[in-house]
Amino acid sequence: MLDATHQVKLQRAKGRVVAGFSGPDNRLRDLHQSGSLKALLPRNHAPVPDVVLVNTAGGLTGGDDYRIDICAHDGASATVATQTAERVYKASQGVARMDVHLTAKGGATVHWMPQETILFDQSAIARTIAADLDADSRLLIVEPVIFGRKAMGETLQTVSFSDQWRIRVDGRLIHAEATRITGDFTRYQGIGCLNGARATATILYVGPDAMDRLDEARALGVPATAWGGKLVVRLMHDDARALRRQLTEFLRNFRGCDLPRVWTM
């Protein structure tokens, strides 16, 4: 029997994926994976390879630690998605960490398109997204978040969610944002914050044509702004399925190609 003064140290999941592509033929030049995070490259019959991330632990909880590094150089292109929505479960100890680093250099393109992050009651996660580009390269980041599955009758009471983005072009910081939701979730439901939304999505596009694509984005029916070499779209909805439909329709048209197959399975 354990003494009451001693806590049981639970096993935590760790995982890392590194994937690098180079050249206009999108040659895979680097692939490393370890722990509970795996990278699959399914045949997609398209010129741009899909990297599908699989969390074999089945979700995240407090103390888990994941790192993802995706690089594209010299005209290469890559699209990264997750096999399914990422579930962040109740944390008994600590905070889950997810650190993402994206690199696009030499006219390269990276599309970071994970499926939804679903936050469960009493979950705790801290995520960072850092990106380094040059002026000739392009980056698309898509990050949808669901605050409890309404269809399953789940309601968040308390949650800890920290999300930090830092995007640099030629070493200059062009985009920074920070989201922090902690404690009583009802405090964030007012008109000055989520305004009752149960699902949100942020889309960030960075590239030499970002400013020119503002009218195109707005014509697709989304609230978009563009300045300083970037285009930003913010979506909110009280129904996660409705948000997903809006998000997929916009991305299919804005990208000019089908979404990764895992998005439609």
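Here, every reference points to the structure presented above.
Residues numbered from 1 in each chain as written. Predicted model: local features only at pLDDT ≥ 70, side-chain atom pairs only at ≥ 80, totals over all residues. Heavy atoms only, no water.

A. Representation of the pattern of salt bridges in the model. This model, assessed by the stated rule, comprises nine salt bridges. Residue glutamate 177 pairs with arginine 234 through a salt bridge whose shortest N-O separation is 3.1 Å. Placement of glutamate 177 in strand 14 (residues 172-184) and of arginine 234 in strand 17 (residues 230-237) is noted, with a sequence separation of 57 residues between them. Salt-bridge contacts for glutamate 216 lead to arginine 213; the nearest nitrogen and oxygen are separated by 2.9 Å. Because the salt bridges share partners, they merge into one network encompassing Arg16, Arg67 and Asp69. (Salt bridge = Lys/Arg side-chain N within 4 Å of Asp/Glu carboxyl O. Helix = DSSP H or I, 4+ residues; strand = E, 2+ residues; numbered from the N terminus.)

B. Layout of the packing of aromatic side chains. Following the criterion strictly, the structure yields four aromatic pairs and no others. In this structure, arginine 213 packs its charged tip against the face of tyrosine 205, placed 5.5 Å from the ring centre. Above the ring of phenylalanine 254, the side-chain terminus of arginine 213 is found at 3.8 Å from the ring centroid. (Phe/Tyr/Trp six-rings, centres within 6.5 Å; stacked < 30°, edge-to-face > 60°. Lys NZ or Arg CZ within 6 Å of the ring centre and 35° of its normal.)

C. Broad picture of the nonpolar core. Residues Leu102, Trp112, Leu119, Leu139, Ile141 and Ile167 are the most contacted members of the largest nonpolar core, which totals 49 residues. Look past the residues within four positions of leucine 119 in its chain and what remains in contact with it is Val88, Ile125, Val145, Ile146, Phe147, Gly148, Leu156, Val159 and Phe161. One finds Val52, Ile203, Leu243 and Trp263 within the second-largest nonpolar core, a separate group that totals 31 residues. (Core = buried A, V, L, I, M, F, W, Y, C linked by side-chain atoms within 4.5 Å. Buried < 20%, exposed > 50% of the residue type's maximum accessible area, 1.4 Å probe, protein only. Contact = heavy atoms within 4.5 Å.)

D. Fine view of the side chain of threonine 248. Topologically, threonine 248 is positioned in helix 2 (residues 240-255). The buried category is assigned to threonine 248, whose relative accessible area is 13%. Excluding anything up to four places from it in sequence, threonine 248 contacts Leu259 and Trp263.

E. Region of the structure containing the layout of surface pockets. Its volume calculated, the largest pocket comes out at about 670 Å³. In terms of lining, the largest pocket is formed by 31 residues, of which the most central are Asn44, Asp50, Asp258, Leu259 and Pro260. Contributions of two or more residues to the lining of the largest pocket are made by strand 4 (50-55), strand 6 (77-82), strand 9 (109-112), strand 12 (138-147) and helix 2. By residue class, the composition of the lining of the largest pocket is 15 nonpolar, eight polar and eight charged. (1 Å grid on protein atoms, 1.4 Å probe; cavity = no way out; pocket = protein on both sides within 12 Å on 5 of 7 lines; lining within 4 Å. Points joined across faces, edges and corners; volume = space filled by probe spheres on them. Nonpolar A, V, L, I, M, F, W, Y, C, P; charged D, E, K, R; others polar.)

F. Summary view of the pairing of strand 13 (residues 158-169). Here ten bridges tie strand 11 (residues 124-133) to strand 13, and the two strands are oriented parallel to one another. Bridging from a neighbouring strand, alanine 124 pairs with serine 160 of strand 13. In terms of strand pairing, strand 13 meets strand 14 through twelve bridges, oriented antiparallel. Pairing of arginine 168 across the sheet is with leucine 173, part of strand 14. (Pairing = 2+ DSSP bridges.)

G. Main features of unusual backbone geometry. The phi torsion at asparagine 26 lies on the positive side, around 55°, for a residue other than glycine. By the element assignment, asparagine 26 lies in the loop between strand 1 (14-22) and strand 2 (27-35). Phi at histidine 45 is positive, roughly 55°, even though this residue is not glycine. Summarising the element assignment, histidine 45 is placed in the loop between strand 3 (37-40) and strand 4.

H. Quick look at the sheet that holds strand 2. The seven strands lie next to each other as 2-1-5-8-11-13-14, forming an open sheet whose pairing is mixed. Of all strands in the sheet, those bounded by a partner on one side alone are strand 2 and strand 14. The mean angle between the axes of side-by-side strands here comes to 5°, regardless of whether they run parallel or antiparallel. (Axes fitted to C-alpha atoms, helices over the stretch in contact; angles between N-to-C directions.)

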